[in-house]
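Architecture at a glance
These are the residues of each chain, in order.
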Amino acid sequence: MLLLTATALAQLPPTDAAGHPWWQHAVFYEIYPRSFADSNHDGVGDLNGITAHLDYLQQLGIDAIWITPCYPSPQVDFGYDVSDYRNIDPQYGTLADFDHLAAEAKKRGIRIIMDYVLNHTSDQHPWFLDSRSSRAAAHRDWYVWRDQPNNWQSLFGGPAWEFDHKTGQFYLHQFYVQQPDLNWSNPAVKQAMFDVTRFWYERGVAGFRLDAVDRLFETYRDNPVKTNADGSKEIEDVYTREQPGEHEVLRELRQLSDQYHAVLIGETWTDDTAGLLKYYGNGKELQLPMDFNFATVNKLSAAEFRKQIGLVESACDQTVWLGSPTRVGQPSCIAWPVFLLSNHDMQRGYNRYGDGKHNDQIARMMAALLLTLRGTPLLYYGEEIGMENNDPTRVEDVKDPVGRREWPRNKGRDGERTPMQWNSGANAGFSEAQPWLPVPPSYQSHNVALEEKAANSVLAFYQQLLKLRRETPALIEGNYVALNTTDPNVLSFAREYGNRAVLVALNMSSAPQSVAYPLAAYSPRMKTLLSAEGRGQSLRRVELQPFGVFIAELAKKKN
């Protein structure tokens, strides 16, 4: 097959109209390909299904789609166990189908981000099959082998070492037994993995989401054991993550990605500013570290969300800004925030924040939070229509290995991976065949076809928000300023840009709230841009119904 070059593909512009890197103000949309759309009606979603719905994504206002792994795989971990990095799993289609998707997406101004599993491969990958064949095999040192195991534990439970009887050594697997860790200390491994990114860049891919990027290197020492308050013992991940060598790899990956104007989004779990800043590497490593800043906030709390936003904003404040010291009109910083509410490993925001009574109102309010903050927002498929978790009720129905092993304490991740709800027809319009996961009953009231016709639907509000975001310079370029920082119920902030600002007020409580904003630099009168159960004509009084949203434009007083 003829491999298309980056030049032949006529890549989309590397910057936006204001000269910012394209990813900085883009809206990303995560697609779990098994669950988005099934074009051949076998019950499993595929690449052609994604292509068929590109118009929907374009009309919604999506700039880039992140596709979770669709490479050939035994599917032990639903694609995160890769057996061939340079092909497409037959259940999702072919390389020709991918090329068609890339071409059609480009026509609509939509970029494609691939999920890249760096830490490990499948035990069925040719590299590992050769590695375990003999201690003298060409690929033996491509994986981590030891004569004796230490106390390291797999993230999915049990020891992180598996004994191989044929060669009499243990191999490392920080995840499933079928996911052996690559040896990134071997230059041949780095070269091969870098070559994989070139392969996809040349096919028009605009970047990668880097899976488990903090676990590429290890220091062979027992991890420390701590005693919890209840007397239980816990092995801490000290020598199995964020070890020397990791950031050198990230810098080199960034150098390569910059040649293609591509973005690197890292799966990084951090809980402080210093930890977050390491992954920006002063602008030389990740452009968008996904630190899951909202993942730890599992209830509606203005104080907690304010704290998490402040963490990310403080990271920006500690880096070099690429413009005016005042940041007015030049908010491009080396550390650029990325925000998300949920993904394929997390319970959907509709459930995490919903109270069972005002879920749609809360979904609209959370959408307003996600899409008015400074940074790059990442939507999870179905979030825009208020999709909810559909967790299994019986262990025999569980598909996710985590859920099968840890039932009933952990029901697994099936609930957040159910089929996209396109209409009120059979199987929510996802497939004519029985879907691989059941569709929740809520598809009758929450689906694309229905919500496109309803003025007050969750989807309609997302559409309005995304349009407002695109058309309002302050929401794209504006500085973030926290307001009313001690209010326990209402999260408020302004996005300042030049002589104007956008006020965002979000009631995170089930009771009506009234808020005043003593902003002396601005005229008290304001212009409503978008509201949902919120109103106000003056900064002296903004009224918000339970979970209400109020977004307004402010103008500075004339001298």
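Residues numbered from 1 in each chain as written. Predicted model: local features only at pLDDT ≥ 70, side-chain atom pairs only at ≥ 80, totals over all residues. Heavy atoms only, no water.

So, the sheet that holds strand S11 (residues 288-290)
If you walk across this open sheet you meet the eight strands as S11-S10-S7-S3-S2-S1-S13-S12, and the pairing is parallel. Two strands close off the open sheet at either side, each with one partner strand: S11 and strand S12 (338-340). Strand-to-strand twist in this sheet, taken as the mean axis angle between neighbours without regard to direction, amounts to 25°. By the bridge criterion, four bridges tie strand S7 (residues 207-211) to strand S10 (residues 263-267) in an arrangement that is parallel. The residue of S10 that forms the bridge with Arg209 is Ile265. The strands touched by helix H4 (residues 95-107) are strand S2 (64-67) and strand S3 (111-117); relative to S3, the strand with the most contacts, the crossing angle is about 140°. (Pairing = 2+ DSSP bridges. Helix = DSSP H or I, 4+ residues; strand = E, 2+ residues; numbered from the N terminus. Axes fitted to C-alpha atoms, helices over the stretch in contact; angles between N-to-C directions. Contact = heavy atoms within 4.5 Å.)

With respect to the packing of aromatic side chains
What the rule picks out here adds up to 32 aromatic pairs. Between the aromatic rings of Tyr116 and Phe208, the centroid separation amounts to 5.4 Å while the plane-to-plane angle is 45°, which identifies the pairing as tilted. Placement of the pair is Tyr116 in strand S3 and Phe208 in strand S7, with a sequence separation of 92 residues. Comparing Tyr116 with Phe208 shows no difference in burial state: the two are buried. In this structure an aromatic cluster arises from ring pairing among Tyr71, Tyr85, Phe98, Tyr116, Trp127, Trp142, Phe199, Trp200, Tyr201, Phe208 and Tyr260. Positioned over the ring face of Trp436 is Arg34, at 4.3 Å from the centre of the ring. Directly above the aromatic system of Trp145 lies the positively charged group of Arg140, at a separation of 3.7 Å from the ring centroid. (Phe/Tyr/Trp six-rings, centres within 6.5 Å; stacked < 30°, edge-to-face > 60°. Buried < 20%, exposed > 50% of the residue type's maximum accessible area, 1.4 Å probe, protein only. Lys NZ or Arg CZ within 6 Å of the ring centre and 35° of its normal.)

Notes on the environment of Pro419
Mapped onto the fold, Pro419 is located in the loop between helix H12 (401-406) and helix H13 (448-451). Residue Pro419 is classed as buried on the basis of its relative accessible area of 0%. Aside from chain neighbours lying at most four places away, what touches Pro419 is Ser35, Tyr381, Met387, Phe430, Pro435, Leu437, Pro438 and Val439.

Shape is all these values report; function is a separate question.
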